[in-house]
Amino acid sequence: MLSMRVDPLRTMDELVAEFGDVVELKVPGDTFLLVAAADAAEQLLKPPDPERMRKGHAIQRVKRVLGNGLLTADGPGYLRRRRLAQPAFQPRTLDAYVPTTVEHVSQLVGSLTSGDVLDVEQAMDRLTLRIAGHTMFGVELGEERERRIHEALGVVRASFVPGLHPLAPMLEHLPLPIVRRFERAKADLVEIVDWIIAQRHADPKAAERTDVLSLLLGSKDADGTGLSDTELRDEAMVLLLAGHETTANALAWTSYLLAATPHAQAELQAQVDAVLADAEAPDASHVPQLTYARAAFTEALRLYPSGSVVARRSLDPLDMTWTDPDGSPRRMHVRAGTEIMMSQWNVQRDVRTWGEDAAVYRPERMLDQANEARHRHSFLAFGGGRRVCIGRAFATQQATITLAMLARRFRFELQPGMELPSRDRVETGFILRPRDGMHLVVRER
Ligand code: HEM
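What comes next concerns the included structure.

What about the coordination of the iron atom of the ligand?
By definition of the ideal shapes, a tetrahedral metal site with four donors has angles of 109.5 degrees and an octahedral site with six donors has angles of 90 or 180 degrees. What the protein offers the iron atom of the ligand as a donor is a single atom, Cys 389 (SG), at 2.3 Å. By the secondary structure assignment, Cys 389 is in the loop between α17 (369–373) and α18 (392–409).

Right under this line is the structure:
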């Protein structure tokens, strides 16, 4: 278990290679299961009684920052929250977000000069945060608040892994520097979300708005009560923070992988030029035609899903079945309360599903016919079942537009001497990212 904390990707690879698709890990007082089979993952994501399947331990840690919003809510009351937020992610609503996304990507494109070395994580982070602020909440966060959010999330990220330590619940009550920094960061995020809500209360046109915030403010239970102030804040916090960093991270990886794969970058440019032709900027009708940009993003998420596992705990014992590589059926009785980690990292790099070149970045595989035939849960980057990511289509739309607009004008190059990070150079804490960051040279086409 210690090596799982220190070097989880290598440890997961070694465990699966040695013990197979479902690995039982025992530590005093607890049992963990590592699941690397798509068919077993399906049973966990679509259990017969979803109310009895809860999120894993780490969600308690996330709750300390994000509160009890849609991402972290469990048990009774969860479905009401999902139904409440769902209209903001329907296709017609997403189409209405396109001009805002285009406007912010234009600003990014306009700020770049050929030869710049771009900190691509930072640039994408700023971009997706701005898009989230405008589309979800109708606010201009401004540079100062963007900086504070960025810093606060950095602190939260740094305390995430130490926070999973068994002694963490006790240590959290001590005035340690890491605890104080975490509390300050959390207070800062709460203050910003409260500011967003206050802006809306002061807005004379609030009644005309149709964004997520107005949905949340207007929501009523059967007995006519709306969300409490705390519930409202928790929901807003999740929607502002859960989506933007993951989308930015996936966009940064996509840019990085494209820079390292010139022929994929050339394919992307060719399709973007053909689809956008003389249009000044993409509109909602172009988005479905930009299939290569979408595939470039999804393929990057396959190799580097923002998280590395999706975790669950079942309140009841369950019998899990899966098929071994040699085709023989397997079964395991899983005790109630076992922490189960579905490994996106292993499932999405499985050569049996993705072929011998599974470790290679090849966007075409997301477009070929074999993709249709793959097991539905062989791609877990957005989770699955009823708790599947609510923002997946929104994230994909933002990414498609961003990649297309950047590719129309520029190409990315790795800095001299740089190459894709090896597995050991990828950090896993909160989100998968290269230890050395992602810096790319931008060249005008
Ligand atoms: C590439 C970008 C993204 C990735 C990789 C991602 C990944 C995920 C994953 C894996 C889950 C499921 C977690 C679980 O089952 O335990 C999830 C859930 C969720 N995501 Fe995303 N996400 C992304 C973008 C977004 C965006 C843009 C938003 C919102 C604007 C968002 C909001 C949420 C919410 C609210 C949930 C909880 C849904 C529920 O439990 O009903 N995500 N995401």
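Notes on the pairing of strand β1 (residues 22–27)
Note: β1 against strand β2 (residues 30–35), 6 bridges, orientation antiparallel. Looking at β2, one finds that Val 27 is bridged to Asp 30. Hairpin connection of β1 to β2: 2 residues between the antiparallel strands, including Gly 29 at a positive phi of 85°.

What about the packing of aromatic side chains?
Taken as a whole, this structure holds 5 aromatic pairs when the rule is applied. Taking the centre distance of 3.7 Å and the plane angle of 5° together, the rings of Trp 253 and Tyr 304 count as stacked. Separated by 51 residues along the polypeptide, Trp 253 in helix α12 (residues 229–259) and Tyr 304 in the loop between α14 (291–303) and β5 (309–314) bring together distant segments of the chain. Like Trp 253, the residue Tyr 304 is buried in the burial classification.

Notes on the site of the ligand
Taken together, 27 residues surround the ligand, and among them Tyr 78, Arg 82, Arg 312, Arg 387 and Cys 389 come closest. Between an oxygen atom of the ligand and a side-chain N or O atom of Tyr 78, the distance comes to 2.4 Å. Interatomic distance of 2.7 Å between a side-chain N/O atom of Arg 82 and an oxygen atom of the ligand. Among the elements of the structure, α5 (78–85), α12, α14 and β5 are those that each provide at least two residues to the shell around the ligand. By residue number, the principal contributor to the shell around the ligand is α12, which donates 6 residues.

Overview of the pattern of salt bridges
Pairs can form between side chains of opposite charge whenever their charged atoms are close. All told, the structure shown has 33 salt bridges when counted by the stated rule. Where Arg 386 meets Glu 51, a salt bridge forms, and the shortest distance between an N and an O atom there is 3.3 Å. One end of the pair, Arg 386, is in the loop between α17 and α18; the other, Glu 51, is in the loop between α3 (38–45) and β3 (53–55), and 335 residues separate them in sequence. Assessed through its relative accessible area of 28%, Arg 386 is described here as partly exposed. Glu 51 gets classed as partly exposed once you look at its relative accessible area, which sits at 28%. Several salt bridges converge on common partners, so that one network encompasses Glu 299, Arg 302, Asp 357, Arg 362 and Arg 365.

Some remarks on the sheet that holds strand β4 (residues 117–119)
The pairing of strands in a sheet comes from backbone hydrogen bonds and takes either a parallel or an antiparallel form. On the basis of which strands lie adjacent, the open sheet formed by 3 strands has the order β4-β12-β9 and antiparallel pairing. Taken across any chain shown, the strands that pair with only one partner, and hence form the sheet edges, are β4 and β9 (410–414). If you compare each strand with its neighbour and ignore which way they point, the axes differ by 45° on average. As defined by bridge partners, β4 adjoins strand β12 (residues 439–444) across 3 bridges and the pair is classed as antiparallel. Pairing of Leu 118 across the sheet is with Leu 440, part of β12. Against the sheet, helix α7 (residues 120–137) makes contact with β4 and β12, and its axis sits at roughly 55° relative to β4, the strand it touches most. Each of β9 and β12 is contacted by α12, which is oriented at about 80° to β9, the strand it contacts most.

Quick notes on the sheet that holds β5
The mixed open sheet is built from 5 strands, whose spatial order is β1-β2-β8-β5-β3. Edge strands, defined here as strands with exactly one partner in the open sheet, are β1 and β3. Across this sheet, the average inter-strand angle for adjacent strands is 30°, counted without regard to direction. Pairing geometry for β5 and strand β8 (residues 339–343), over 5 bridges, is antiparallel. When the sheet's bridge partners are listed, Val 309 is paired in β8 with Ser 343.

What about helix α4 (residues 58–66)?
Listing the buried residues of α4 in full gives Ile 59, Arg 61, Val 62, Val 65 and Leu 66. Looking straight down α4, one finds its buried side chains confined to an arc of 150°; they lie on one side. Just past α4, the residue Gly 67 takes up positive phi, approximately 75°.

Quick look at the nonpolar core
Grouped together as the largest cluster of nonpolar side chains are 113 residues, with contacts concentrated most on Met 136, Phe 137, Ile 149 and Leu 240. Residue contributions to this core peak at 16 residues, all from α12. Sequence-distant contacts of Phe 137, that is, excluding residues within four places in its chain, are made with Ala 132, Ile 196, Arg 200, Asp 211, Leu 213, Ala 236, Leu 239 and Leu 240. Met 332, Ile 340, Val 347 and Leu 380 belong to the second largest nonpolar core, which has 20 residues in total.

Regarding the environment of Val 347
Its location among the elements puts Val 347 in helix α15 (residues 344–347). You can call Val 347 buried: its relative accessible area is 2%. Sequence spacing of Val 347 and Val 309 is 38 residues, and the spatial spacing of their C-alpha atoms is 9.8 Å. Setting aside its immediate chain neighbours within four residues, Val 347 contacts Val 35, Ala 36, Ala 37, Ala 38, Trp 354, His 377, Ser 378 and Leu 380.

Things to note about the side chain of Ser 255
Residue position: Ser 255 is located in helix α12. Ser 255 has contacts with Val 120, Met 124, Phe 412 and Leu 440, leaving out every residue within four places of it along the chain.

Remarks on helix α13 (residues 262–276)
Here α13 contains 15 residues, and its C-alpha end-to-end distance of 21 Å stays within 8% of the 21 Å for a straight helix at 1.5 Å per residue. Burial in α13 covers these residues: Ala 264, Gln 265, Leu 268, Gln 269, Val 272, Val 275 and Leu 276. One side of α13 carries all its buried residues, which in axial view fall inside an arc of 140°. Away from its buried face by more than 90 degrees, α13 exposes Pro 262, His 263 and Ala 274. After α13 finishes, the residue Ala 277 shows a positive phi value of roughly 40°.

The rules behind each value
- Residues numbered from 1 in each chain as written.
- Predicted model: local features only at pLDDT ≥ 70, side-chain atom pairs only at ≥ 80, totals over all residues.
- Heavy atoms only, no water.
- Donors = N, O, S within 2.8 Å, 3.2 Å for Na, K, Ca; no water.
- Helix = DSSP H or I, 4+ residues; strand = E, 2+ residues; numbered from the N terminus.
- Pairing = 2+ DSSP bridges.
- Phe/Tyr/Trp six-rings, centres within 6.5 Å; stacked < 30°, edge-to-face > 60°.
- Buried < 20%, exposed > 50% of the residue type's maximum accessible area, 1.4 Å probe, protein only.
- Near = heavy atom within 4 Å.
- Polar contact = N/O pair within 3.5 Å; in protein donor to acceptor, adjacent residues only side chain to side chain.
- Salt bridge = Lys/Arg side-chain N within 4 Å of Asp/Glu carboxyl O.
- Axes fitted to C-alpha atoms, helices over the stretch in contact; angles between N-to-C directions.
- Contact = heavy atoms within 4.5 Å.
- Arc of directions from axis to C-beta.
- Core = buried A, V, L, I, M, F, W, Y, C linked by side-chain atoms within 4.5 Å.
- Expected span 1.5 Å × (residues − 1).

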